[in-house]
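Given next are the chains, with one letter for each unit.
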Amino acid sequence: MMKKKSISASKASLVLFLCQMISALDVPLDSKLLEELSQPPTITQQSPKDYIVDPRENIVIQCEAKGKPPPSFSWTRNGTHFDIDKDAQVTMKPNSGTLVINIMNGGKAEAYEGVYQCTARNERGAAISNNIVIRPSRSPLWTKEKLEPNQVREGDSLVLHCRPPVGLPPPIIFWMDNAFQRLPQSERVSQSLNGDLYFSNVQPEDTREDYICYARFNHTQTIQQKQPISVKVFSTKPVTERQPTLLTPTGSTSTKVELRGNVLLLECIAAGLPTPVIRWIKEGGELPANRTFFENFKKTLKIIDVSEADSGNYKCIARNVLGSAHHVISVTVKAAPYWITAPRNLVLSPGEDGTLICRANGNPKPDISWLANGVPIAIAPEDPSRKVDGDTIIFSHVQERSSAVYQCNASNEYGYLLANAFVNVLAEPPRILTPANKLYQVIADSPALLDCAYFGSPKPEIEWFKGVKGSILRGNEYIFHDNGTLEIPVAQKDSTGTYTCVARNELGKIQNEVQLEVKDPTMIIKQPEYKVIQRYGQVSFECIIKHDSTLLPTVIWLKDNDELPDDERFLVGKDNLTIMNVTDKDDGTYTCIVNTTLDSVSASAVLTVVAAPPTPAIIYARPNPPFDLELTGQLERSIELSWIPGDENNSPITNFVIEYEDGLHEPGVWHYQTEVPGTQTTVQLKLSPYVNYSFRVIAVNEIGRSQPSEPSEQYLTKSANPDENPSNVQGIGSEPDNLVITWESLKGFQSNGPGLQYKVSWRQKDVDDEWTSVIVANVSKYIVSGTPTFVPYEIKVQALNDLGYAPEPSEVIGHSGEDLPMVAPGNVQVHVINSTLAKVHWDPVPLKTVRGHLQGYKVYYWKVQSLSRRSRRHVEKKILTFRGNKTFGMLPGLEPYSSYKLNVRVVNGKGEGPASPDKVFRTPEGVPSSPSFLKITNPTLDSLTLEWGLPTHPNGVLTSYTLKFQPINNTHELGPLVEIRIPANESSLILKNLNYSTRYKFYFNAQTSVGSGSQITEEAVTIMDEVQPLYPRIRNVTTAAAETYANISWEYEGPDHANFYVEYGVAGSKEDWKKEIVNGSRSFFVLKGLTPGTAYKVRVGAEGLSGFRSSEDVFETGPAMASRQVDIATQGWFIGLMCAVALLILILLIVCFIRRNKGGKYPVKEKEDAHADPEIQPMKEDDGTFGEYSDAEDHKPLKKGSRTPSDRTVKKEDSDDSLVDYGEGVNGQFNEDGSFIGQYSGKKEKEPAEGNESSEAPSPVNAMNSFV
């Protein structure tokens, strides 16, 4: 045994040495670092070796490679250089080696048959692809033949031959009738592997004239039909029964050769009456379980994934009641080359040594040959650092000129394998990849791991210092890992400080500082205690904690390891949990859990709820613990335990729980052994070997469990072989070249004796290898190195101790480590469904190239640019994952009229494979968003100026704008709607011929060729005259936006003490406005909680003034922030001036109406000249006004409370004496001498107040009218 262990150790040392040579320098997967390092070419994607193409479509021969600098590509065809520049039908994709042969524009696929090979080359070497054999698929027509009718006697056998045309690939054969219905098949009638239709015996119902053989050529999606075959069955009485004879294969024996990994199909079809039954056996062995299937009514034996072990003689036996017949097929399994150890890329420093290993197997054993940069190594330029030794190339003292790409070719008569592996010699000064001043926080007395990820060539030496001028760290209190990490196994408070990592090699030196903070642990200094409470009482559990002052703890209470009931009776305080009005359901275990960002502690207590005693004399409680425990009848595997029960405390004991302690393996830990009814005081206990037992007993009644009894005396059982083996044995590789075998170790008492160890055995599945075994100490993991990537292994783990082995363990199947997938999905196609949704398709990658468990596919897609803006900006890539072997998926949420790119990658347990070539697609146009703003300025008597901004999201090419508008009267009724089309290149419009002093509502949107977008609305008023208004107004609304908030400011003119509010919403959205109240009379407000990069609309209004608000303003959130505007409306001098003007106008109004009341007259001559004679105007009977007293521009008399324009400016009319200049206007008319006649014309119904007039006091004119 010791000798075997020594041999295993020497083998392990050799494997470890080779692994160190192969992976002499690891390059971290840091994207920035990888972009800077030179690298020879690597083929990332290529077409299959045997490539059958559709002759009707363009031929695409894939060849993708990566390298630094990017490689150039060239091709050979049939062994000679293929000059694609001389063939107009052949193009090479940009930045790629993929060839596209244009067949759809006149080329012929047959002209491009041949063997192609791609070479990717840069200054560091050249990688080559497999030999790709291009053959166009063929679907020839059926040859004409004269078919004679088949006349068969009932009960005889019959074969209808199909003989399909030879196609590429071979066709799929099936039989149908004239109605295109498949002919029914059974044990009597069935189709053979070559397509012929066999009848073991014919029956009268087989008579028909339409037996038709069809050949389907899948590659070209064509179906060829043979001429119908006629069968006529004639009867003879009686029908003679016959014993079986084999129709196929003929003779007593035959041979079959199949390749390893393929599907083996063996066929036997027999004639006979009654119909024979087929049975299969393997001579001298069993048919392989889980890989054997029977098809075609057991006439076909199918064995999948065959290996050399499946070689042998297979016998088919056909039997009926009259006898049997048999046939023996001798099967030989050969093997095309397959990898044992494929060469792997080698990154070395100048002066280092390394090894490339290329090992393959096959039947016959393959020949190994090497190439350097695509040239046979025998004629390649000499390299003094290189030595070829069969399947190994040994490199010694390499230099930068030694960089190259080597190809290993393993071939036999059944195929070949070709692998590229580069040797990259790098000379790089040290780099530290860990961020500077990174902060690490740990709890005292726990490990601290400080990272120092690095790279350099030669490999740098790492040293650690503490403090700015500290000495180098050494000693047992530190552990220095190979990846640069410094581990402090037990960090203390004085470990806090700055640590410096220094990396140096012969090309330079660099250092980096990190910070370590050690925190005090969190503790529960007063834990919850066991409580017994009567029903409907109140109970409280305490949980007082102590924690580091810099950590913020959170306290969570659980009941029976679940959340507390959603019940107001449970009150959680800072340091306690109180339960009011306790019920029986509250009985259970309550746990206090304290969490911080670095640690977590918990403590539990049991609450027992008892019924209130009927009388004070009866007290129910838990039973007293049992006592006087005694052990008798000691045997190797059993013992008898007896005890005396304690007091029941008025509640009968229901059962006893027996626990044991293993003083040898787990002293102080008690385990459940068994339990017995409360009437029993002795029990026979089963024991395990090599355990030092102590027992205790716990009594249980309806109230709860007693305290444990005192432990019994100890009893040590004798040692023995282990009874069981480890459980949960698994084999999962952590790296592409290893197999990590894990198991759950046996518990201490399961060892059955001292010296517990494990025998770990493994061998590659389906390969005739011997078991490899190693004995390890009492651990739970063993790593097998140097394995092929992702191959199945048979694994078993057996326990042993100083007395011997456990029973033979069962085998489990594991896999060596996964590696990243080799190829990208091909034939990526995108179907754009609409402007925001697309569907992507791809071909699945071959499972052998996945090199791991297929988890699914990831689609990366991103927006390249908006076709309407012609601007590019960085957009994060979006990723969609499709689980399993799915080959299509939907891409939602796309932006209309945009250019996108996408690629697809296959995913296994190791990660993602290479990306497919980027696929470009465009989304069609959509409808635009609303214009970014609509402003109405420069109001006059009959015109308004409209200005607008482009839509934030045009979603296409704008074709025009649509403006709709309509007047609004004082009762908010809408007038006729006018629509105007505006060219897309306009940004303003002057509307003319409008009615004066009229409010209009505008609806404005943009169009693309798809349709109209959402609209933006606005209201405005044409002016009445030039008198400055007394009405309040809000103007000059300005915004200064940041990412998530915006400062809104405005100017206010009007009465003091107005209460403002701000309304806002997403621009173009139909959602209701959101409203924010402004505190006090401030003229600014901060909108918070906004979404970055979003266009918003905003307006300001005053509470209590119906319809009084500003025009809309549009802004977009972003990183910029504008300074706050100074509001003139809040300046004291401005407020005083406005008060003085208002007082002066009020005095003038009072004086004017006093004069009028005394009979004064106002000149109206100019007014009469402007209009027709009022004496000949008819009066309206409903309101007493002159029905036609108006000009052609305005058909409405002046109303009380006419609304002023949004900018509150009014134009003065011709007459200087009109009452409109002094107030709100009146509802009456004037006679020819200007005297007021309103009181004679009949009262008009008061119109509803409008706009901002509802909060004003009545004017003197209204007061006088009411008095009269």
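Thoughts on the overall build of the chain
Argument step 1. From N to C terminus, the chain includes 6 helices and 92 strands.
Argument step 2. Considering the chain as a whole, with its 1268 residues, one finds that 43% of them fall into the buried category.
Argument step 3. Counting every atom, the chain has about 66,600 Å² of accessible surface; 51% of that belongs to carbon and sulfur.

Brief notes about the sheet that holds strand β22 (residues 264-267)
Argument step 1. Within the open sheet, the 3 strands sit side by side as β22-β26-β25. Their pairing is antiparallel. Here the strands that pair on one side only, and so sit at the sheet edges, are β22 and β25 (292-295). With direction set aside, neighbouring strand axes in the sheet form an average angle of 20°.
Argument step 2. Note that β22 and strand β26 (residues 300-303) share 4 bridges and pair antiparallel. In the sheet register, L266 faces β26, and the bridge partner there is L301.

Let's talk about the sheet that holds strand β63 (residues 715-716)
Argument step 1. If you trace the 4 strands from one edge of the open sheet to the other, you get β60-β59-β62-β63, paired in antiparallel fashion. Of all the strands in the sheet, the pair left with one neighbour each is β60 (666-677) and β63.

Some thoughts on the pairing of strand β77 (residues 898-908)
Two faces, one strand: in a regular strand the side chains alternate between the faces of the sheet.
Argument step 1. Counting buried positions along β77 gives 10 out of 11 residues, so the element sits mostly inside the fold.
Argument step 2. Bridge count between strand β74 (residues 854-866) and β77: 11 bridges; the pairing is antiparallel. Each bridged residue has a counterpart across the sheet, and for Y857 the counterpart in β77 is V906.
Argument step 3. The sheet contact formed by β77 and strand β78 (residues 919-922) spans 4 bridges and is antiparallel. Within β78, the residue paired with Y900 across the bridge is F921.

A look at the state of the cysteines
Argument step 1. Scanning the model with the defined rule gives 6 disulfides in all.
Argument step 2. With a sulfur-sulfur separation of 2.0 Å, C63 is cross-linked through a disulfide to C118. Taking the sign of the torsion about the S-S bond as the criterion, the disulfide between C63 and C118, at about -70°, is left-handed. Of the two residues, C63 is situated in strand β4 (residues 63-68) and C118 in strand β9 (residues 114-122); the sequence distance between them amounts to 55 residues.
Argument step 3. The exposure class of C63 is buried, given its relative accessible area of 0%.
Argument step 4. One disulfide bridge connects C162 with C213, the sulfur atoms lying 1.9 Å from each other. Taking the sign of the torsion about the S-S bond as the criterion, the disulfide between C162 and C213, at about -70°, is left-handed. Placement of C162 in the loop between β13 (158-160) and β14 (172-176) and of C213 in strand β17 (residues 208-217) is noted, with a sequence separation of 51 residues between them.
Argument step 5. Assessed through its relative accessible area of 0%, C213 is described here as buried.
Argument step 6. The connectivity of the disulfides in the chain is 1-2, 3-4, 5-6, 7-8, 9-10, 11-12, where the numbers refer to bonded cysteines in sequence order.

Observations regarding the nonpolar core
Argument step 1. Ranked by internal contacts, the top residues of the largest apolar core, which has 30 residues, are I59, I61, W75, I101, Y116 and I134.
Argument step 2. Of all elements in the fold, only β2 (50-53), β3 (59-61), β4, β5 (72-77), β8 (99-101), β9 and β11 (132-136) reach the threshold of two or more residues within this core.
Argument step 3. Per element, the largest residue contribution to this core is 3 residues, and it comes from β9.
Argument step 4. If sequence neighbours within four positions are ignored, I61 has contacts with S47, Y51, W75, G97, T98, L99, I101, Y116, I132 and I134.

Focus on the pattern of salt bridges
Opposite charge on two side chains allows them to pair when their charged atoms are near.
Argument step 1. Inspection of every chain in the model, using the stated rule, returns 38 salt bridges.
Argument step 2. A salt bridge links E428 to R431; the nearest nitrogen and oxygen atoms lie 2.9 Å apart.
Argument step 3. We classify E428 as buried; its relative accessible area is 15%.
Argument step 4. R431 sits in the partly exposed class, given a relative accessible area of 22%.
Argument step 5. Measuring nitrogen to oxygen at the nearest pair gives 3.6 Å for the salt bridge that ties D766 to K765.
Argument step 6. Here D766 falls in the partly exposed class, since its relative accessible area comes to 28%.
Argument step 7. By relative accessible area, K765 is classed as partly exposed at 25%.

Here's the deal with the environment of D628
Argument step 1. You can see D628 is positioned in strand β57 (residues 627-632).
Argument step 2. Along the primary structure D628 and E710 are separated by 82 residues, whereas in three dimensions their C-alpha atoms are 8.2 Å apart.
Argument step 3. The residues touching D628, leaving out its near neighbours within four places in the chain, are S642, W643 and I644.

Some thoughts on the packing of aromatic side chains
Argument step 1. Per the stated rule, a full pass over the model turns up 24 aromatic pairs.
Argument step 2. Pairing F199 with Y211 gives two aromatic rings, centres 5.9 Å apart and planes at 80°, and the pair type is edge-to-face. Taken together, the residues F199 in strand β16 (residues 197-199) and Y211 in strand β17 connect sequence positions 12 residues apart.
Argument step 3. A relative accessible area of 1% means that F199 is categorised as buried.

Things to note about the confidence of the model for the chain
Argument step 1. In the predicted model, the chain carries a mean pLDDT of 83, and the fraction of residues at 70 or more is 85%.
Argument step 2. Across residues 1120-1126, where pLDDT falls below 50, the model places 13 contacts with residues more than four positions away in sequence or in other chains.

A few points about the side chain of N130
Argument step 1. Structurally, N130 is set in the loop between β10 (125-128) and β11.
Argument step 2. For N130, a relative accessible area of 12% puts it in the buried group.
Argument step 3. Non-local contacts of N130, meaning those with residues more than four positions away in its chain, are made with Q46, K49, Y116, Q117, Y416 and L418.

Side note on the environment of G155
Argument step 1. Within the fold, G155 resides in the loop between β12 (150-153) and β13.
Argument step 2. Contacts of G155, omitting those with residues within four sequence positions, involve N201, V202, V239, R242 and L273.

What about unusual backbone geometry?
Argument step 1. At the junction of T248 and P249, the peptide bond is cis and its omega measures out at -5° in the coordinates.
Argument step 2. In this fold, P249 is placed in the loop between β20 (242-248) and β21 (253-259).
Argument step 3. Even without being a glycine, D628 presents a positive backbone phi close to 55°.
Argument step 4. Even without being glycine, N993 reaches a positive phi, approximately 60°.
Argument step 5. Locating N993 in the fold gives a position in the loop between β83 (988-991) and β84 (999-1007).
Argument step 6. Residue N993 is classed as exposed on the basis of its relative accessible area, which comes to 67%.

A short note on the side chain of E487
Argument step 1. Among the structural elements, E487 can be located in strand β44 (residues 486-488).
Argument step 2. One buried charged residue, E487, forms no salt bridge at all, with the nearest opposite charge on K781 at 14 Å.
Argument step 3. There is a polar contact of 2.7 Å between the side chain of E487 and the side chain of H481.
Argument step 4. Residues contacting E487, with those up to four places away along its chain left out, are P447, A448, L449, E477, Y478, I479 and H481.

Some thoughts on the environment of L934
Argument step 1. Relative to the helices and strands, L934 resides in strand β79 (residues 934-937).
Argument step 2. Looking at L934, the relative accessible area reads 2%, which means it is buried.
Argument step 3. Note: C-alpha distance between L934 and G949 (15 residues apart in sequence) is 6.9 Å.

Conventions adopted
Residues numbered from 1 in each chain as written. Predicted model: local features only at pLDDT ≥ 70, side-chain atom pairs only at ≥ 80, totals over all residues. Heavy atoms only, no water. Helix = DSSP H or I, 4+ residues; strand = E, 2+ residues; numbered from the N terminus. Buried < 20%, exposed > 50% of the residue type's maximum accessible area, 1.4 Å probe, protein only. Areas by Shrake-Rupley, 256 points an atom, 1.4 Å probe, with all protein chains shown as cover. Pairing = 2+ DSSP bridges. Axes fitted to C-alpha atoms, helices over the stretch in contact; angles between N-to-C directions. Disulfide = S-S within 2.5 Å. Core = buried A, V, L, I, M, F, W, Y, C linked by side-chain atoms within 4.5 Å. Contact = heavy atoms within 4.5 Å. Salt bridge = Lys/Arg side-chain N within 4 Å of Asp/Glu carboxyl O. Phe/Tyr/Trp six-rings, centres within 6.5 Å; stacked < 30°, edge-to-face > 60°. pLDDT = per-residue confidence, 0-100. Lys, Arg positive; Asp, Glu negative; His and termini not counted. Polar contact = N/O pair within 3.5 Å; in protein donor to acceptor, adjacent residues only side chain to side chain.

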